[in-house]
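Take a look at the letters that make up each chain.
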Amino acid sequence: MPTVTFDIDDLMKLAGISITREALIEILSSLKCEAELEIGAKMTVEVTSDRPDFFSCEGLARGVRLYAKGGKGYFPKHSSSAPIQLYVRPSVSEIRPFIVAAAIHDVQLSNEAMVQIMQLQEKLHNTYGSKRFKASIGVYNLDNMQPDMIYEALPPEDFSFVPLEESRRMDGREILRDTAKGREYSPILKSFSKYPLLKDSRGTVLSMPPIINSEETRVSETTRNLFIDVTGTDEKAINLCLNVMVTSILERSGKVQKVEVNYKNKKVVTPILGKTKQLLNLATVKAVSGLSLKPDQIIKLLNRMGFESRPASGKQLEVTIPPYRVDIIHEVDLVEDIIMAFGLNNMHSEFPAVASIGKPLFGSKFRSRVRDLMVGMGFQEISTYLLSNKALEDKALCGVTGAVEIEKPISSEYSAIRTSLLPKLLLFLGNNAHVPYPQRIFEYGDVVKVVNGVAVTSTQLAAAISDYKVSFEDIQAVALSLFKNLSKEIEFRPIAREPFIDGRAAAVFIDDKKIGSLGEIYPRLLIDFRIDTPVGMMELNLSSLLSLESLFRG
Amino acid sequence: MSLSQSEAQLLECLKKLGGQANASQLSSELKLPESSIFPLSNLLATKGFVNVTETLHENYILTEEGVYCLRNGLPETRMLNFISSHGGSVPLKSLASVLKPNEVSAAIGWGRKSGAITIEKRDNLPNALLKHKQKSELEELLYKLKADGEKSSLSPLDQALSQPLIERGLVILRERTEIVLQMIREPESATILNALTSDLIRSGKWKGSILRPYDVTASPPSLKIGKKHPYLQFLEEAKEILFDMGFEETSGPYVENEFWNFDALFQAQEHPARAVHDNFQLKGITPIIDAPVALIQAVKSAHENGGGTGSKGWGYSWNIDIAKRPVLRTQTTAVSVRSLFDRRTPPVKTFCLSKVFRPDLIDSRHMVEFGQLDGILGDHGINVKHLLGILTEFGKQLGFNEIKFTPGYFPFTEPSIEAYVKHPKLGWIECLGSGLFRPEVLAPLGIKFPVIAWGIGIDRLAMIRLGLDDVRELNTLNLEALREWRWW
């Protein structure tokens, strides 16, 4: 979940309230924002990814203001100027086809406001923008631009400009190669022969989306008029980003001027700050929340969350959704807001009177019996991760096949799922070579193997005895006693294979079916695992025996 | 009355010595210092096996000087012999050849007093003249004291005579307390055994033996006992609570496809809601969705346009190939939604407690594999109040009597609620995530009743319960830690 840092006084001022920090934290918590950190005048909150309007101080302040004082709908200020024209050339259609834009006049930007704009831009890029791939936001000083604007793509060597933070003109290739942002986002453009550009009527390059803006259009505290564009591959995402940017900036100051985006075959006027309507059934409110609320109570609660609503019929309300609330896609989303306004801790809880029978998983009782028997035979239970790695499995099993492998592991230690418990037991013993003997350990757990492209899980039991002297019979006796107590005939047949010593290994058969093997571990392997005492070990697949758990067996 | 090994040995020795012996006899017989005999005697006297009598002994002991005189004669004897062998008169000075300087005055004093010699001047020198040779009575007494110095066996005369010997430093009188033990009761058993054996029991020999007592206050060796794993035991106990609350346990595959892990949970492909957490993609697994075509279609339309649920949906083109991709299960909610689809008739009350996998930087608080508990409850008429009721009850059963709620966000529930429980030492701990499944989740599955879903990062609670501060210790490779671990 994204975190947002803001200046507490700035937020209070924007919200038009003066409350204690505790009261502020309480309100934020009611709005799903969890205070994480307070350093001096700054506070950091964790916000939820469904509320991009909370990705900066402005939106948070609006939320806090409405929650504390209620509101009467959303009315952004519009400038009287005619829309700016923006022309989209077909050359971008295969690269980065869509652009939306807006201008904001008469802004007053404090240092804190600049910080918040940058934070908002970054949070939107990393979430809805898919790291600038789907949507990338540019903020410009409109006074240094000469409309009309042109959005087109050119070969990288055919243009040059001074990028932000740089002191010389660079062409497209140089920007990708020599600037920090260029290197970071170059994978988005690298494969194309042309790079997208925003230019003005003079032919001046204003930016190279989604990489960098020009130094010339840099925004500072003295900037009075802003231009904002969002380019990308997903129209929904770019509109969302533009709306959140514009509505947030407007919380401080300014009037919005529209931009007409002219494609070859269509024209779009942005930002689309239209208000959508959502019908809310009173029955849904009751069914979901369990609260018996009258329509006017619901209207008041919705007001505290920034929604204007009115009765649409005896059974419904018509709720107006402000353009920054991108999370409202169903009436239940409004019910949540009603509950938030009501206060979860003001609600009564009720244990549901649903008659049902609690029941453990099939195999649980069998598992419990086997574990009891192993403990009874003096074995310490161990619990290891399912995640393992091929090197460990290979080493212990003398070659492993059918392991489920992770494509991009975080750590080489955890890069596959175990196919057997034995490697983990050897690892465990090797890790405890200095601990008093005898060591008797067991694990009851799952392993996964790929069979014909399908991952098959089986439930296994593995046990090991390590002491100054351990014989084949010591571990064989464990298997025998275990199955005697499970009323199962067990049969041992000689096998000759690693990791066991020749002549000291047996396959274990139950009902004429092989379920595993046991024996004395080959000394070379013990050395590999830094174990210097003999080890008797067994591993059995118990999946087919789980049905033994039924209380009455025929 | 029980006897220690040493007590029994002493009694046995006493018996051998005829039922009565003093400490020094016992000491040499038992090869024990006399100082050990005294406390044992007292213990045996307390237990009624012996009478102990203490006697004060005074003994005359010859000093080094005394032993010298015994061998060479007393000074007076040597003086008389010397004078006699030199013609009955010698100059006093020459006595130095047979007397040590400190003996001269004692010898002359005795000689004059007894009248054996006189001192006269000859040639202007003092000479000793022998009058009559006689034996010193002290000579005999010295022999007697050497043979038996016990004061009580000397006649009063001898006792008086020994006084000059003491004064002359030839003899000293030493006092000594001696104890004498007299057996008054024999111990029941004379045989001391280290262990009771089946032979002894069968033969009846145990009746005549005593077992060597242990020092019961000393520590025995510690046992390496078999124990169940504490983390797994904690999980078992959490499950017990859910069984008691009427929940049925379910399970599902670790290797999931994105369809059940994300799409069926209305987590849009390539949307921040899906990236709430990252996932592990896998190699070597055939991409496939194990679900009926109708369900896949219904999920597709829910994503694209709400699928007739009254929702707008996510408004994008749903890609079945993404849904087919095999992943390691990132949430046990994937199991819950499978169980819901398998059952479909209310009430549905299930839970899954198992492992989930998420890429994360591994540290003391994060591991790429961890335990998650996910429960669902679906029935007609279920609402948020019941959700709060379930969470409150589960918290209580875990031992947390205070619980508070805040709104939260999960892509598949609306409303979404997080719960905090109050720990006596740690304060409020974020414990549960929950909500009512969204209509876009339920409708494609064909579920026509509301369903509560709630989940717990169970490892966090396990760490608190087990007193660990590193999540990786839940799966420790440290045998000593497991051997030493205890519940209380």
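Note: the structure precedes this text.
Rules of the game
Residues numbered from 1 in each chain as written. Chains lettered and ligands numbered in written order. Predicted model: local features only at pLDDT ≥ 70, side-chain atom pairs only at ≥ 80, totals over all residues. Heavy atoms only, no water. Helix = DSSP H or I, 4+ residues; strand = E, 2+ residues; numbered from the N terminus. Rg over C-alpha atoms; globule rule 2.2 N^0.38 Å. Buried < 20%, exposed > 50% of the residue type's maximum accessible area, 1.4 Å probe, protein only. Contact = heavy atoms within 4.5 Å. Pairing = 2+ DSSP bridges. Axes fitted to C-alpha atoms, helices over the stretch in contact; angles between N-to-C directions. Parallel < 35°, antiparallel > 145°, perpendicular 65-115°, else oblique. Left-handed = near helix turned anticlockwise from the far one by under 90°. Nonpolar A, V, L, I, M, F, W, Y, C, P; charged D, E, K, R; others polar. Salt bridge = Lys/Arg side-chain N within 4 Å of Asp/Glu carboxyl O. Core = buried A, V, L, I, M, F, W, Y, C linked by side-chain atoms within 4.5 Å.

Student: Help me out: how do you make sense of the overall build of chain A in this one?
Tutor: What chain A contains, in helices and strands, is 15 helices and 29 strands. The C-alpha radius of gyration computed for chain A amounts to 33 Å, which surpasses the reference 24 Å derived for 554 residues by more than 25%, pointing to a less compact arrangement than a globule. Referenced to the eigenvectors of the C-alpha coordinate spread, the extents of chain A come out at roughly 95 × 65 × 50 Å. The buried share of chain A, reckoned over its 554 residues, is 57%. In chain A, the share of contacts with a sequence separation of at least 24, taken over all contacts with a separation of at least 6, comes to 70%.

Student: Is there a simple way to think about the pairing of strand 25 (residues 454–466) of chain A in this case?
Tutor: Consecutive side chains of a regular strand alternate in pointing toward one face of the sheet and then the other. All names here are of chain A. Two strands pair when backbone bridges link them, and strand 24 (residues 439–451) and strand 25 are joined in this way by 13 bridges, in the antiparallel orientation. Following the sheet pairing, V448 is matched in strand 25 by T457. Counted between consecutive antiparallel strands, the loop separating strand 24 from strand 25 contains two residues, among which N452 sits at a positive phi close to 50°. Relative to strand 29 (residues 535–541), strand 25 runs antiparallel, the two sharing seven bridges. Its bridge partner lying in strand 29, L461 is registered against L540.

Student: Whenever I open this one, the packing of helix 10 (residues 230–244) of chain B against helix 15 (residues 384–398) of chain B confuses me. Can you help?
Tutor: Angle between the axes and distance between the axes are the two parameters that describe a pair of packed helices. Residue and element names in this part refer to chain B. Here helix 10 crosses helix 15 at 135°, and the two axes come no closer than 10 Å. Classed by the angle they form, the pair helix 10 and helix 15 counts as oblique. Taken as a pair, helix 10 and helix 15 cross one another with a handedness that is right-handed. Mapping the contact onto sequence places A238, I241 and L242 in helix 10 and F394, Q397 and L398 in helix 15. The residue makeup of the contact of helix 10 with helix 15, split by class, is five nonpolar, one polar and no charged.

Student: Just checking my understanding: could you explain the sheet that holds strand 6 (residues 171–183) of chain B for this structure?
Tutor: Pairing between sheet strands relies on hydrogen bonds along the backbone, with the strands arranged either parallel or antiparallel. Residue and element names in this part refer to chain B. Taken together, the three strands give an open sheet; going across it, the order is 1-6-2, and neighbouring strands pair in antiparallel fashion. Two strands lie at the open edges of the sheet, namely strand 1 (20–22) and strand 2 (50–62), each paired on one side alone. This sheet shows a mean twist of 25° between the axes of neighbouring strands, independent of strand direction.

Student: I'm lost on the pattern of salt bridges in this one. Help?
Tutor: When their charged atoms lie close together, side chains carrying opposite charge are able to pair. Tallied over the entire structure, the rule returns 53 salt bridges over all chains. Residue A:E251 is joined to A:R62 by a salt bridge in which the shortest nitrogen-to-oxygen separation is 2.9 Å. Of the two residues, A:E251 sits in the loop between helix 7 (235–250) and strand 14 (255–257) while A:R62 sits in helix 3 (residues 57–69), which places them 189 residues apart along the sequence. Exposure remark for A:R62: the relative accessible area of 2% places this residue in the buried category. Across the salt bridge formed by A:E381 and A:R371, the nearest N and O atoms sit 2.8 Å from each other. Taken together, the residues A:E381 in strand 20 (residues 380–381) and A:R371 in helix 11 (residues 364–376) connect sequence positions ten residues apart. Take A:E381: its relative accessible area is 0%, and that puts it in the buried class. Its relative accessible area of 2% is what places A:R371 among the buried residues. Through salt bridges with shared partners, a single network forms among A:R367, A:R371, A:E381, B:E236, B:K239 and B:E249.

Student: What's the story with unusual backbone geometry in this structure? I'm lost.
Tutor: As a rule of thumb, non-glycine residues mostly have phi less than zero, and peptide bonds are mostly trans rather than cis. All names here are of chain A. Residue T270 is joined to P271 through a cis peptide bond whose omega torsion reads 0°. Its place among the elements puts P271 in the loop between strand 16 (267–270) and strand 17 (276–281). Not every positive phi belongs to a glycine, and R530 is a case in point at roughly 55°. Residue R530 is classed as exposed on the basis of its relative accessible area of 62%.

Student: Is there a simple way to explain the nonpolar core in this structure?
Tutor: The tendency in soluble globular proteins is for nonpolar side chains to be buried side by side. If you look at the biggest cluster of nonpolar residues, it comprises 141 residues, and the most contacted ones within it are A:L60, A:L280 and B:W454. Within the second largest apolar cluster, 35 residues are counted, among which are A:M149, A:F159, A:L197 and A:M208.

Student: Would you mind going over the sheet that holds strand 4 (residues 117–122) of chain B with me for this structure?
Tutor: Residues and elements named next belong to chain B. Read across the open sheet, the three strands follow the order 3-5-4; overall the sheet is antiparallel. Where the open sheet ends on each side, the last strands, each with one partner, are strand 3 (89–91) and strand 4. Sheet twist, expressed as the mean angle between neighbouring strand axes with direction ignored, is 30°. In terms of strand pairing, strand 4 meets strand 5 (residues 125–130) through six bridges, oriented antiparallel. In the sheet register, T118 faces strand 5, and the bridge partner there is L129. Running over the sheet, helix 5 (residues 75–85) touches strand 3, strand 4 and strand 5 and is turned about 95° from strand 5.

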